[in-house]
Amino acid sequence: MTTPITVHNLFDDSFIGTRRELIFADIEFSYPEGKEQRRHVIEIHLEDQDGYPLFSSPINPGFDLGSKFARKGLPGSFLLECPRLEDVEPAINRLVDGKHLIFWGAKTDRSMFPNNLNTARSVICAMERFAPLAGEYSITHGNYTWPTLQNALELTGIVPPEGIVHRAATDTAALRLVWQWMEQTSIPELLRAASSRDNDFF
């Protein structure tokens, strides 16, 4: 087995053409910063449908975030020593080339990449797929409210994966578990689950 990707081993070529078609991913952001109130990527994790890590690295946002994310293990001084997004983007583009890439909130996550991750065969939003089960329908907007990944874990009864919530590896594992639950559960069962739960986010 090849070594999982780390900050020092950013690209695992053995994945290309050898593993299955789905890739799960999570991106963690800073709070809105600066005059433009722009968010910056601070961590990226990708894994396959078996949970094998393909890419996992904190990301240098280009300036010192201080102690804002220190409780999650991402102090600003550490992030400044990590690769920049532009350093890792070519490797990520090669990893997702021809694959189905799944995020919880795909629109926001993919927008952080200059090329919108267009090398992927498709970019899928798991939150949109799950929303009819957990969100209230808005007639005004013609859509459902967006549930959080934590909402999805609560609704499905899935035991949260070990790790720090809102770290990229932990949230990717949670995303994969929720996706697998949706894949294994029939539509009538999904609807029964939605109608039988009395949760604040329905």
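Keep in mind it's a predicted model, so treat the numbers as computed, not measured.

When you look at the environment of Glu28 in this model, what are you seeing that I'm missing?
Positionally, Glu28 belongs in strand β1 (residues 22-29). Not counting the four nearest positions on each side in its chain, Glu28 is found in contact with His40, Val41, Ile42, Glu43, Lys72, His166, Arg167, Ala168 and Asp171.

Help me understand empty space enclosed by the protein in this model?
If you roll a probe as big as a water molecule over the atoms, it shows you where there is empty space left. This structure, assessed with the given rule, holds 1 cavity of 30 Å³ or more. By volume, the largest cavity is sized at about 40 Å³. Along the walls of the largest cavity sit Ala25, Ile27, Ile44, Leu46, Ile92, Val96, Leu101, Phe103, Phe113 and Leu117, which together make up its complete lining.

How should the layout of surface pockets be read in this particular structure?
Estimated volume of the largest pocket: approximately 580 Å³. As for the largest pocket, its lining consists of 23 residues, of which Ile27, Glu28, Phe29, His166 and Asp171 are closest to the centre. Those elements that provide at least two residues to the lining of the largest pocket are β1, α3 (106-111) and α5 (149-156). Counting residues per element, the lining of the largest pocket draws most heavily on β1, at 4 residues. Looking at the lining of the largest pocket residue by residue, the classes come out as 10 nonpolar, 6 polar and 7 charged.

What exactly am I supposed to notice about the packing of aromatic side chains here?
When we look at a pair of aromatic rings, we describe it by the centre distance and by the angle of the planes. Here the structure, examined in full by the defined rule, presents 4 aromatic pairs. Ring geometry for Phe130 and Trp181: centres 6.3 Å apart, planes at 55°, overall tilted. Separated by 51 residues along the polypeptide, Phe130 in helix α4 (residues 126-134) and Trp181 in helix α6 (residues 168-184) bring together distant segments of the chain. Cation over ring: Arg129 sits above Trp179, and NZ or CZ is 4.5 Å from the ring centre.

How should the pairing of strand β4 (residues 100-103) be read in this particular structure?
Successive residues of a regular strand alternate their side chains across the two faces of the sheet. Inspection of the sheet shows β1 paired to β4 by 3 bridges, in the parallel sense. Counted as the bridge partner of Ile23 is Leu101 from β4. The pairing of β4 with strand β5 (residues 122-125) spans 4 bridges and is parallel. For Phe103, the partnering residue across the bridge sits in β5 and is Cys125.

What is the right way to read the packing of α4 against α5 from this model?
Helix packing geometry: the angle between the two helix axes and the distance between the axes. Interaxial distance between α4 and α5 falls to 11 Å at its minimum, and their mutual angle equals 55°. When the axes of α4 and α5 are compared, the pair comes out oblique. Like other packed secondary-structure pairs, α4 and α5 cross with a definite hand, here left-handed. Of the residues in α5, those in contact with Phe130, Leu133 and Ala134 of α4 are Ala152, Leu155 and Thr156. Residues that form the contact of α4 with α5 fall into these classes: 5 nonpolar, 1 polar and no charged.

Explain the side chain of Asn93 to me, please; I cannot follow it from the model alone.
By the element assignment, Asn93 lies in helix α2 (residues 85-96). Given a relative accessible area of 14%, Asn93 falls into the buried group. Discounting residues that sit within four places of it in the chain, Asn93 has contacts with Asn115, Leu117 and Thr119.

Any chance you could explain α2 here in plain terms?
Since one α-helical turn is 3.6 residues long, residues separated by three or four positions face the same way. End to end, α2 covers 16 Å across 12 residues, agreeing with the expected 16 Å (1.5 Å per residue, within 8%). When we look at burial in α2, the residues that qualify are Leu85, Val88, Glu89, Ala91, Ile92, Asn93, Leu95 and Val96. Looking at the buried side of α2, the elements it contacts are β1, β2 (41-48), β3 (53-58) and β4. Immediately downstream of α2, the backbone of Gly98 shows phi near 80°, a positive value.

Reading guide: rules and limits
- The numbering scheme is per chain: residues are counted from 1 as the chain's sequence reads.
- Per-residue local features of the predicted model are confined to residues with pLDDT of at least 70, and side-chain atom pairs are confined, for both listing and counting, to 80 or more; whole-chain, interface and lining totals are unaffected and use all residues.
- Excluding hydrogens and water, the side-chain values take into account all heavy atoms of the structure.
- Under the DSSP-based scheme used, a helix requires at least four consecutive residues in state H or I and a strand at least two consecutive residues in state E, with every element numbered from the N terminus.
- Contacts were defined at the residue level, with two residues in contact if any of their heavy atoms lie within 4.5 Å.
- In this analysis, the protein atoms alone were mapped onto a 1 Å grid. Cavities are point sets where a 1.4 Å probe fits without being able to get out; pockets are open sets with protein on both sides within 12 Å along at least five of seven lines; lining residues have an atom within 4 Å of a point.
- Grid points are joined across faces, edges and corners, and a volume is the space filled by probe spheres set on the points.
- Basically, the charged four are Asp, Glu, Lys and Arg, the nonpolar ten are Ala, Val, Leu, Ile, Met, Phe, Trp, Tyr, Cys and Pro, and anything else, Gly included, counts as polar.
- In this scheme Phe, Tyr and Trp rings, the latter by its six-membered ring, pair at centre separations within 6.5 Å, and the angle between planes marks the pair as stacked below 30 degrees, edge-to-face above 60, and tilted otherwise.
- Think of it as a cone above the ring: NZ of Lys or CZ of Arg counts as a charge over the ring if it is within 6 Å of the ring centre and within 35 degrees of the ring normal.
- Think of it this way: DSSP has to see at least two bridges between two strands before they count as a pair.
- Lines fitted to C-alpha atoms define the axes, with helix axes restricted to the stretch in contact, and inter-axis angles between N-to-C directions lie between 0 and 180 degrees.
- Our angle categories are set so that under 35 degrees counts as roughly parallel, over 145 as roughly antiparallel, 65 to 115 as roughly perpendicular, and the remainder as oblique.
- Should the near helix be turned anticlockwise from the far one by less than a right angle, the crossing is left-handed, and should it be turned clockwise, the crossing is right-handed.
- For every residue, the accessible area (1.4 Å probe, protein chains only) is compared with the maximum for its type, and the residue is labelled buried under 20%, exposed over 50%, or partly exposed between those bounds.
- What a helix is expected to span follows from its residue count: subtract one and scale by 1.5 Å.

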